[in-house]
Amino acid sequence: VEDLIAILLLVLLSTFAISREFEGKEMILAIFKLIFFLVLWFLLGIFFIPTILQRAKAYLNDESLLIASLALCLGMVYLATLIGFSSALGAFVMGSLLAETTKAEKIEHLIGPVKNLFGAVFFVSVGILINLNMLAHYIVPVLIISFVVVIGQLITAGTGTFISGNSLKTSFQTGMILGSVGEFSFILAKIGFDNTILDSFYYHLFLAVAVITMAGAPFLFYLAPPIVRTLMK
């Protein structure tokens, strides 16, 4: 759900970056354009991609399947960028399509090392972007915003989980574990910064909050059960 909302935000942010104002007509047009793109490619993907993989299975060894999966992903990234959407949207759509094929588990296994490699490069490059002098100087607002993010996620995700029929214990743990800012936030911040919607200060502040909440996620995961047990008592 977060990824789908992030995709919508990416489209709206790109529209705002071009027009510099959120006009109702442009916003509605951007949303309909997104819906049309998703529906078209999911319909084509559901019928086209599984058929291709099924017919080519005799020729697809592990290396060929890996290359084909990466080619499909990068091809959709290029197409989405060509139409005017974010590259993240293209990758998201193709990932969703491949996840619905009979080869999904095999592809996931093969793509794992590639994902880990680029995941490491991604997070290291994000870490390099953080201005440590700014972080030290504005550590108080960074920590306050990080705290607000964690509590906000606890309330929203926890409430959503509880409303959907889970126990109070499960809901609280879910809210705590989801207390970090996702990787889509880096992409949103970068688009905003590249299009001068965010200035340098807010961009680095946003990155610092994202990194701190993500670094704290394992500790929240570890602390969630004992905190829940204490609260339940």
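Residues numbered from 1 in each chain as written. Predicted model: local features only at pLDDT ≥ 70, side-chain atom pairs only at ≥ 80, totals over all residues. Heavy atoms only, no water.

To continue, consider the overall build of the chain. Check the secondary structure of the chain and you find ten helices and zero strands. With the C-alpha coordinates of the chain rotated into their principal frame, the extents come out at 55 × 45 × 35 Å. Within the chain, the fraction of its 233 residues that count as buried is 31%. A fraction of 74% describes how many contacts in the chain between residues 6 or more apart in sequence connect residues 24 or more apart. Accessible area of the chain: about 14600 Å², with a carbon and sulfur share of 73%. Counting 12 positive and 13 negative side-chain charges, the chain places the averaged centre of each group 8 Å from the other. (Helix = DSSP H or I, 4+ residues; strand = E, 2+ residues; numbered from the N terminus. Buried < 20%, exposed > 50% of the residue type's maximum accessible area, 1.4 Å probe, protein only. Contact = heavy atoms within 4.5 Å. Areas by Shrake-Rupley, 256 points an atom, 1.4 Å probe, with all protein chains shown as cover. Lys, Arg positive; Asp, Glu negative; His and termini not counted. Charge placed at Lys NZ, Arg CZ, Asp CG, Glu CD.)

Take the packing of helix α8 (residues 168-177) against helix α10 (residues 200-232) next. For any two helices packed against each other, the geometry comes down to the angle between their axes and how far apart the axes lie. Between α8 and α10, whose axes approach to 9 Å, the crossing angle comes to 150°. The handedness of the crossing between α8 and α10 is right-handed. The residues of α10 that touch α8, namely those facing Leu 168, Lys 169, Phe 172, Gln 173, Met 176 and Ile 177, are Leu 220, Phe 221, Ala 224, Pro 225, Ile 227, Val 228, Leu 231 and Met 232. Looking at side-chain class alone, the contact of α8 with α10 contains twelve nonpolar, one polar and one charged residues. (Axes fitted to C-alpha atoms, helices over the stretch in contact; angles between N-to-C directions. Left-handed = near helix turned anticlockwise from the far one by under 90°. Nonpolar A, V, L, I, M, F, W, Y, C, P; charged D, E, K, R; others polar.)

What follows concerns the packing of aromatic side chains. Under the definition given, this model contains three aromatic pairs. Arranged with centres 4.3 Å apart and planes meeting at 10°, the rings of Phe 193 and Tyr 203 form a pair that is stacked. Of this pair, Phe 193 sits in helix α9 (residues 184-194) while Tyr 203 is found in helix α10, placing the two residues ten residues apart along the sequence. Exposure remark for Tyr 203: the relative accessible area of 3% places this residue in the buried category. With a centroid separation of 5.1 Å and 75° between ring planes, the pair formed by Phe 201 and Tyr 202 is classed as edge-to-face. Residue classification places Phe 201 among the partly exposed residues on the basis of a relative accessible area of 29%. Three or more aromatic residues joined by ring pairs form one cluster here, namely Tyr 138, Phe 201 and Tyr 202. (Phe/Tyr/Trp six-rings, centres within 6.5 Å; stacked < 30°, edge-to-face > 60°.)

The subject of this paragraph is the environment of Gly 95. Note on placement: Gly 95 falls in helix α4 (residues 87-99). Along the chain, Gly 95 and Leu 72 lie 23 residues apart, while their C-alpha atoms are 9.1 Å from each other.

So, about the layout of surface pockets. In this structure, the largest pocket spans a volume of roughly 1600 Å³. If you trace the largest pocket, you find 30 residues lining it, with Cys 73, Ala 91, Phe 92, Lys 115 and Glu 183 closest to the centre. Top contributing element to the lining of the largest pocket by residue count: helix α5 (residues 104-129), with 13 residues. Class assignment of the residues belonging to the lining of the largest pocket gives a composition of 20 nonpolar, six polar and four charged. (1 Å grid on protein atoms, 1.4 Å probe; cavity = no way out; pocket = protein on both sides within 12 Å on 5 of 7 lines; lining within 4 Å. Points joined across faces, edges and corners; volume = space filled by probe spheres on them.)

In this section: the packing of helix α3 (residues 62-83) against α5. As a packed pair, α3 and α5 sit with axes 10 Å apart at the nearest point and diverge in direction by 75°. Looking at the two axes, α3 sits roughly perpendicular to α5. Mapping the contact onto sequence places Asp 62, Leu 65, Leu 66, Ser 69 and Leu 70 in α3 and Lys 106, Ile 107, Leu 110, Ile 111 and Val 114 in α5. In terms of residue class, the contact of α3 with α5 is made up of seven nonpolar, one polar and two charged. (Parallel < 35°, antiparallel > 145°, perpendicular 65-115°, else oblique.)

The next point concerns the nonpolar core. When a protein is soluble and globular, its nonpolar side chains tend to lie buried together. Leu 10, Leu 34, Phe 37, Phe 85, Leu 89 and Val 93 are the most contacted members of the largest nonpolar core, which totals 26 residues. Listed by contribution, the elements that provide at least two residues to this core are α1 (2-19), α2 (24-55), α3, α4, α5 and α9. The contacts of Leu 89, once residues within four sequence positions are left out, are Ile 7, Leu 34, Phe 37 and Leu 38. Listed in part, the eight residues of the second largest apolar core include Val 126, Ile 130, Phe 186 and Ala 210. (Core = buried A, V, L, I, M, F, W, Y, C linked by side-chain atoms within 4.5 Å.)

Turning to the confidence of the model for the chain, a few remarks are in order. The share of residues in the chain with pLDDT of 70 or more is 94%, and the mean pLDDT across the chain is 82. Taking the mean pLDDT of every element in the chain, the minimum, 70, falls on α1 and the maximum, 90, on helix α7 (residues 139-163). (pLDDT = per-residue confidence, 0-100.)

Once that is clear, we can look at α5. Within α5, the axis deviates most sharply at Ile 111, by approximately 45°, and proline Pro 113 lies no more than four positions further along. Taken together, the buried positions of α5 are Ala 104, Ile 107, Leu 110, Gly 112 and Val 126. (Bend = angle between axes of the 7 residues up to and from the residue.)

Pairs may arise between side chains of opposite charge once their charged atoms sit close together. Inspection of the entire model under this criterion finds one salt bridge. Between Asp 62 and Lys 106 there is a salt bridge whose closest N-O contact spans 3.2 Å. Remark: Lys 106 occurs in helix α5 and Asp 62 occurs in helix α3; sequence separation between them is 44 residues. Classification of Lys 106 by relative accessible area gives partly exposed; the value is 36%. (Salt bridge = Lys/Arg side-chain N within 4 Å of Asp/Glu carboxyl O.)

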